[in-house]
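The chain contents come next:
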Amino acid sequence: MPNVIEPVVSTSPLVRRYTLEEFFALPAPGDGSYYELIAGVLYMSPPPGLPHALSTAALNRILARYCDAHPERCTLFIPRTAIATANTYLEPDLFLVRNERLGEIGAGILRCADLVIEVLSPGSAAYDSTTKADTYAALGVSELWLVDLKTQSIEQRVLHGATYTTHGPFRGAEILQSAVFEGLAVRPDELFPRPDRG
């Protein structure tokens, strides 16, 4: 059986800087991939697979329940919502923003978040945990969860100054407590598809 080559995040072989306006004018990739922009550099991410979608759906349910129970605290944003600046445009898998922060921006674009969650697919794991994670820290995202499909674990990063402190990885029935949102907790074994779940 031939080896299957997984598509990975890539940049243009002739790297150039894009403005946000130029980024928005780019035609969408035709294969389900999507573009992101970091400090003017264009990145293309491959489309996520079913395991990624299942874990994202499980996280969506957990975060939605938390937001419903605490509507005064935060708002949940789902895929294709972006965090953007003058030369950066990122689409986290899921993120939470404190309502006070939303009140400060009015109808403007979201420039930061309080908790970002990235589900690491094989083709995006290195990019999400390095380049993209470093960008979240530079933007001031207080907390980042990296959900690893391969190891079925979650790594928690909490911003201290300009860099993240890493906690975990959390596995199985271990409880990960959010550092930003009181009472928000998740068990890794709730997030990963199992054969006995059908």
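Below is a short write-up of the structure. (Residues numbered from 1 in each chain as written. Predicted model: local features only at pLDDT ≥ 70, side-chain atom pairs only at ≥ 80, totals over all residues. Heavy atoms only, no water.)

1. Overview of the nonpolar core
1) Next: By size, the foremost hydrophobic cluster in this structure holds 24 residues, and its most contacted members are Leu96, Ile117, Trp145, Val147, Leu184 and Leu191.
2) Next: Secondary structure elements with two or more residues in this core: helix H2 (50–69), strand S4 (74–77), strand S7 (94–98), strand S8 (115–120) and strand S9 (143–148).
3) Next: Looking at this core element by element, the count peaks at six residues for H2.
4) Next: Look past the residues within four positions of Val147 in its chain and what remains in contact with it is Leu59, Ile117, Glu118, Val119, Leu120, Ser153, Ile154, Leu191 and Phe192. (Core = buried A, V, L, I, M, F, W, Y, C linked by side-chain atoms within 4.5 Å. Buried < 20%, exposed > 50% of the residue type's maximum accessible area, 1.4 Å probe, protein only. Helix = DSSP H or I, 4+ residues; strand = E, 2+ residues; numbered from the N terminus. Contact = heavy atoms within 4.5 Å.)

2. A look at the environment of Glu182
1) Next: Inspection of the secondary structure assignment puts Glu182 in the loop between strand S12 (176–177) and strand S13 (185–186).
2) Next: Of the residues examined, Glu182 reaches a relative accessible area of 63% and is grouped as exposed.
3) Next: Separated by 112 residues in the primary sequence, Glu182 and His70 place their C-alpha atoms 10.0 Å from one another.
4) Next: The contact partners of Glu182, leaving out residues within four places of it in the chain, are Tyr66 and Arg73.

3. Some points on the pattern of salt bridges
Opposite charge on two side chains permits pairing when their charged atoms draw close.
1) Next: In total, this model carries ten salt bridges according to the counting rule given.
2) Next: Linking Asp114 and Arg98 is a salt bridge whose minimum nitrogen-to-oxygen distance equals 3.0 Å. Residue Asp114 is located in the loop between helix H3 (99–105) and S8, and its partner Arg98 is located in strand S7; the two are separated by 16 residues in the primary sequence.
3) Next: Here Arg98 falls in the partly exposed class, since its relative accessible area comes to 27%.
4) Next: Residues joined by salt bridges that share partners form a network here, namely Arg98, Glu100, Arg101 and Asp114. (Salt bridge = Lys/Arg side-chain N within 4 Å of Asp/Glu carboxyl O.)

4. Focus: the packing of aromatic side chains
Centre-to-centre distance and the angle between the planes together describe a pair of aromatic rings.
1) Next: For the structure shown, the criterion picks out six aromatic pairs.
2) Next: Ring centres of Phe23 and Tyr89 lie 5.0 Å apart, and the angle between their planes is 45°; this geometry places the pair in the tilted category. Linking Phe23 in helix H1 (residues 20–25) with Tyr89 in strand S6 (residues 89–90), this pair joins segments that are 66 residues apart in sequence.
3) Next: According to the relative accessible area criterion, Tyr89 is buried, its value standing at 16%.
4) Next: For the ring pair Tyr66 and Phe181, a centre distance of 6.3 Å and an interplane angle of 70° mean the geometry is edge-to-face. With Tyr66 in helix H2 and Phe181 in the loop between S12 and S13, this pair connects stretches of sequence that are 115 residues apart. With respect to burial, Tyr66 and Phe181 carry one shared label: buried. (Phe/Tyr/Trp six-rings, centres within 6.5 Å; stacked < 30°, edge-to-face > 60°.)

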